Amino acid sequence: MKHSGKMLAAGAALTLFIAPSRAWQKHSPGVSTAKVAHDYPIRPVPFTAVHLTDTFWAPRIETNRKVTIPFAFEKCEETGRVANFVHAAEALRGHIPDQDRKIPPYPFDDTDIYKVIEGASYTLSVKPDPHLESYIDGLIQKIGAAQEKDGYLYTARTIDPAHPHAWAGAHRWEDEEVLSHELYDLGHLYEAAVAYYQATGKRSLLDIALKSANLLCNTFGPGRKTIWPGHQIVEMGLVKLYRVTGDERYLNLAKFMLDSRGPGGSSYNQADLKVIDQTEAVGHAVRATYMYSGMADVAAMTGDTAYVHAIDTIWENVVAKKLYITGGIGATGAGEAFGANYELPNLTAYNETCASVGNDFWNQRLFLLHGDAKYIDVMERTLYNGLISGVSLDGRSFFYQNPLESNGRKGRSPWFGVACCPGNITRFMASVPGYMYALAGPTVYVNLFAGGNAEIPMGGRTLKIVQETRYPWDGKVKITVDPGKPGAFTIKVRIPGWARGEAVPSDLYRFADVLHEPARLRVNGREVPVRVTEGYATLSREWKSGDVIDLDLPMPVRRIVANSQVAADRGRVALERGPIVYAAEGVDSPTHRVRNLLLPEDARLTAEFRPDLLNGVVVLEGKAISLAYNAHGKVTRTSEKFTAIPYYAWANRGRDEMIVWIPDSESVAKPAPWPTLATESKVTASQGGGRVTGEGMEKHPEAVNDGDEPSSSNDPASYFDWWPEKGKTEWIEYDFPKTATVSQIQVYWYDDTGRGEVRVPASWRVLYKDGGTWRPVAGAGPWGVDKDKYNTVAFAPVTTGALRLEVTMQPNWSAGVQKWKVK
Ligand SMILES: [Zn+2]
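Residues numbered from 1 in each chain as written. Predicted model: local features only at pLDDT ≥ 70, side-chain atom pairs only at ≥ 80, totals over all residues. Heavy atoms only, no water.

Student: Honestly, the coordination of the zinc ion in this entry has me stumped. Any pointers?
Tutor: In an ideal octahedron of six donors the angles at the metal are 90 or 180 degrees, and in an ideal tetrahedron of four donors they are 109.5 degrees. Of the protein atoms, only E352 (OE), C354 (SG), C420 (SG) and C421 (SG) coordinate the zinc ion, at distances of 2.1 to 2.3 Å. Geometry at the zinc ion is tetrahedral, judged from the four donor atoms that bind it and their angles of 93 to 118 degrees at the metal. All donors of the zinc ion come from a single chain, and their spacing in sequence reads E-x1-C-x65-C-C. Here E352 is found in the loop between α12 (305-321) and α13 (353-370), whereas its partner C421 is found in helix α15 (residues 420-430), with 69 residues between them in sequence. C421 carries the same exposure label as E352, and that label is buried. (Donors = N, O, S within 2.8 Å, 3.2 Å for Na, K, Ca; no water. Tetrahedral: all angles 85-135°; square planar, octahedral: opposite > 155°, others 65-115°. Helix = DSSP H or I, 4+ residues; strand = E, 2+ residues; numbered from the N terminus. Buried < 20%, exposed > 50% of the residue type's maximum accessible area, 1.4 Å probe, protein only.)

Student: Sorry if this is basic, but what is going on with the sheet that holds strand β11 (residues 520-523) here?
Tutor: Two strands in a sheet stick together by hydrogen bonds in their backbones, pointing the same way (parallel) or opposite ways (antiparallel). Strand order in this open sheet of seven strands is β2-β6-β7-β8-β15-β11-β12, and the pairing throughout is antiparallel. Sheet topology places β2 (50-52) and β12 (526-528) at the edges, where each strand pairs with a single neighbour. Across the sheet, the mean angle separating the axes of adjacent strands is 20 degrees when strand polarity is ignored. Relative to strand β6 (residues 452-458), β2 is paired through three bridges, and the arrangement is antiparallel. Among the inter-strand pairings, H51 is bridged to a residue of β6, identified as N453. (Pairing = 2+ DSSP bridges. Axes fitted to C-alpha atoms, helices over the stretch in contact; angles between N-to-C directions.)

Student: What's the story with the pattern of salt bridges in this structure? I'm lost.
Tutor: Between side chains of opposite charge, pairing is possible as soon as their charged atoms come close. Tallied over the full model, the rule gives 54 salt bridges. Across the pair E527 and R520 runs a salt bridge, and its minimum N-O distance is 2.9 Å. Exposure remark for E527: the relative accessible area of 44% places this residue in the partly exposed category. The residue R765 makes a salt bridge to E806 at a minimum N-O spacing of 2.8 Å. Residue R765 is located in strand β30 (residues 763-770), and its partner E806 is located in strand β32 (residues 791-808); the two are separated by 41 residues in the primary sequence. Residue R765 is classed as partly exposed on the basis of its relative accessible area of 34%. A residue is classified by how much of its surface remains accessible, and E806, at 21% relative accessible area, is partly exposed. (Salt bridge = Lys/Arg side-chain N within 4 Å of Asp/Glu carboxyl O.)

Student: Would you mind showing me how to read helix α8 (residues 204-219) here?
Tutor: Note that an α-helix has 3.6 residues per turn; residues three or four places apart therefore point the same way. The terminal C-alpha atoms of α8, which comprises 16 residues, lie 23 Å apart, in line with the 22 Å expected from a rise of 1.5 Å per residue. Buried within α8 are the following residues: L205, L206, I208, A209, L210, S212, A213, L215, L216, C217 and T219. Just past α8, the residue G221 takes up positive phi, approximately 135 degrees. (Expected span 1.5 Å × (residues − 1).)

Student: Which parts of the structure should I look at to understand empty space enclosed by the protein?
Tutor: Over the atoms, a rolled probe matching the size of one water molecule traces out where space is still vacant. For the coordinates displayed, the defined rule picks out four cavities of 30 Å³ or more. Looking at the largest cavity, its volume works out to about 80 Å³. Residue contributions to the lining of the largest cavity peak at three residues, all from helix α14 (residues 374-387). Residues of the lining of the largest cavity, tallied by class, amount to five nonpolar, one polar and six charged. A volume near 50 Å³ is recorded for the second largest cavity. A class-by-class count of the residues in the lining of the second largest cavity yields seven nonpolar, one polar and two charged. (1 Å grid on protein atoms, 1.4 Å probe; cavity = no way out; pocket = protein on both sides within 12 Å on 5 of 7 lines; lining within 4 Å. Points joined across faces, edges and corners; volume = space filled by probe spheres on them. Nonpolar A, V, L, I, M, F, W, Y, C, P; charged D, E, K, R; others polar.)

Student: What should I look at first to understand the environment of N447 in this one?
Tutor: Along the polypeptide, N447 turns up in the loop between β5 (443-446) and β6. Classification of N447 by relative accessible area gives buried; the value is 1%. Each C-alpha atom of the pair N447 and E601 lies 33 Å from the other, and the pair is 154 residues apart in sequence. At a separation of 2.5 Å, a polar atom in the side chain of N447 contacts the side chain of Y536. (Polar contact = N/O pair within 3.5 Å; in protein donor to acceptor, adjacent residues only side chain to side chain.)

Student: Would you mind showing me how to read the sheet that holds β5 here?
Tutor: Spatial ordering of the open sheet is given by β1-β4-β5-β9-β14-β13, a layout of six strands whose pairing is mixed. Bordering the open sheet on either side are β1 (43-44) and β13 (532-533), each of which pairs with just one other strand. Both β5 and strand β9 (residues 487-494) contribute to a ladder of four bridges, which runs parallel. Residue T443 lies in a different strand from β9, and its bridge partner there is T490.

Student: Please clarify how the packing of α13 against α15 should be interpreted in this entry.
Tutor: When two helices pack together, you describe them by how their axes are tilted relative to each other and by the distance separating the axes. Closest axis-to-axis distance for the α13/α15 pair is 8 Å, and the angle between their directions is 35 degrees. α15 is crossed by α13, and the crossing has left-handed handedness. Taking contact as the criterion, the partners of T353, C354, V357, D360 and F361 in α13 are, on α15, C420, C421, N424, I425, R427 and F428. Residues belonging to the contact of α13 with α15 are distributed by class as follows: seven nonpolar, two polar and two charged. (Left-handed = near helix turned anticlockwise from the far one by under 90°. Contact = heavy atoms within 4.5 Å.)

Student: When you look at the packing of aromatic side chains in this model, what are you seeing that I'm missing?
Tutor: Scanning the model with the defined rule gives 38 aromatic pairs in all. Judged by centre distance (6.2 Å) and plane angle (70 degrees), the ring pair of Y152 and Y154 falls under edge-to-face. One aromatic cluster is present, formed by F56, W57, Y384, F449, Y471, W473, W498, F609 and Y648 through successive ring pairs. Just above the ring of F399 sits the side chain of R412; from NZ or CZ to the centre is 4.1 Å. The aromatic ring of W813 is capped on one face by R759, whose charged end is 3.9 Å from the ring centroid. (Phe/Tyr/Trp six-rings, centres within 6.5 Å; stacked < 30°, edge-to-face > 60°. Lys NZ or Arg CZ within 6 Å of the ring centre and 35° of its normal.)

Dropping the structure here:
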């Protein structure tokens, strides 16, 4: 291992003051952590030392423990993810494959079990549960039995090596950089193994992980074969193995894999450039944030400054140009990827839950490197908004995507074919208390606010901290300090950006109003001037038992506007109070519509805590203007009661419209459409009604008559297609509310050239229902298939109760409809 010889930061020297983490492992006697030569200059206080008793996080963490984790294990059993290990073990013992022994649907299905084991281990660290522990022991036996003799572990191949998963490649590792996900699976295995070892002191899963990691070390590295992961995370996993074992081979291999990426590969998985030459966040957002987190880890452990420079530069790009106000990242569904600079659409925002988790991993690590609270500002924004939106309040259903607007057709799912997000929720929620405090020598950082207490080993003492607060609903925070014996040290209290008039640490978003009440700070009742450096008020003094810090962060309702380069947010405002971003949801509107609202600049909004609503939330209330077209095509305005709820809590009361960026300018407002024969019709289609992809994207035939207007045939906002069907004849049908005479239709075709496999059809026709028979309309034509416009077809009038479009696709292509109007 070569060290650059340069310190990461002046604070690096302070690591000497940090007690070994062994002292923090009070629930896991016998577990040691190896001494490592370099580490982050700032160390997080682990979640095992922080006990939350508040009404916001503590119940969520308990729901995660009691509901989500058992539920996710159940789903892993039910969907065959556990059986994959059993079948791989049978194959290793030479059993002839039977019909049960199917190749898993995805080669990364193993990770779901690893992730939930990791989450469950974190809960075991703070709350022993013999039943859960023995269940995990059983899973670990199955995992171990599926491991090949030399350490190789990948059920998608081992189940049937002669016919492995289509993405696995004919031989081990040969398709890793593209599709196989062998290293992705192992990264999650390593993280789970370390978590279980630290929680229980049991080496069972750790030994499996080390056997696998040793195979990697013996196969890859300088003088051996080259490899880098197609889907990153193994870098973080290897660093964790290095932390517990002190074996530098794991750290070296992580760095080797990072340095083997690019140039000349795909930007989809960040292999287009050497990692140290990357300056912009591109490609698959989860892979990206996992890689940046792995780079931070390797940089911290080696002193490499080139990695730090690269991830600092990429962070500037994300925070200034690619971050949603909810803290979500990864704007586009195509490639689950970052969009272009300022490309932040709302209705189609992808914002994978895993990308929010990755964003918080990354921002936490940047804070640990630099000690600047701007990273915690981003982390907190993601945490309270676009991350916990990924799980329902009851802990049993999830979002894969977290858009900022809904047409009322999006709902949560109990699971996904690609089930990365639920597992990530289980492990993240269980470790939330670990993001609250950090330590660098004689300095304690108070980063997040939540009621509870912490015991922080500091030099020769244990510093006890008690927080009392109703955060995030109230900005008053009382921090009581007990250092044991009196002593001089520093407490850095974060003054959040939002409390300093800074919406985000960039010019991407800003508050539209002026902040009148500044943050206030008192120590033992005496006002202290709030001087903020790198986001902190620094309190250096002789502390004694019973000292009290009172922090007051006023929480008025704030309006946020986006940088004018964000086209999707022009003429619109978002509402925020404290760290919470708000959304209007249809269920709170008398018309069940919110996308047609206009929120005038002078509309007064009040905040009220509603203990009965959505497990207790502060709602914002006021008056807005509801816009609608009348029969003559004129816009009507109706004043109506306006309610906004925390964004994270939407879609817990059924499917409804939702909007975060609300027009305050009539030029972008969207009046509700006047009901027409088409919009009032019931829509059905061949290939069923709402269909859901593995990633939880939903397609509903109701998109074709929702009254929205597409901007082009390629507009991904609201359409219906028959993909993955190709070259077939399919239909979509309107059942009119009552019999009508019609003589013209207009069809706007969907065509996703450049992104997908849907093209305008080869041919089509219109049928009408005559009694029980479908008959073609007469005298019709021409049957237009032009893109980016309505194709109008007139025909001899028919009086009927239903109309059908029959669409014949081009060979090898699918087809779809944006909108369909009827006259
Ligand atoms: Zn995911």
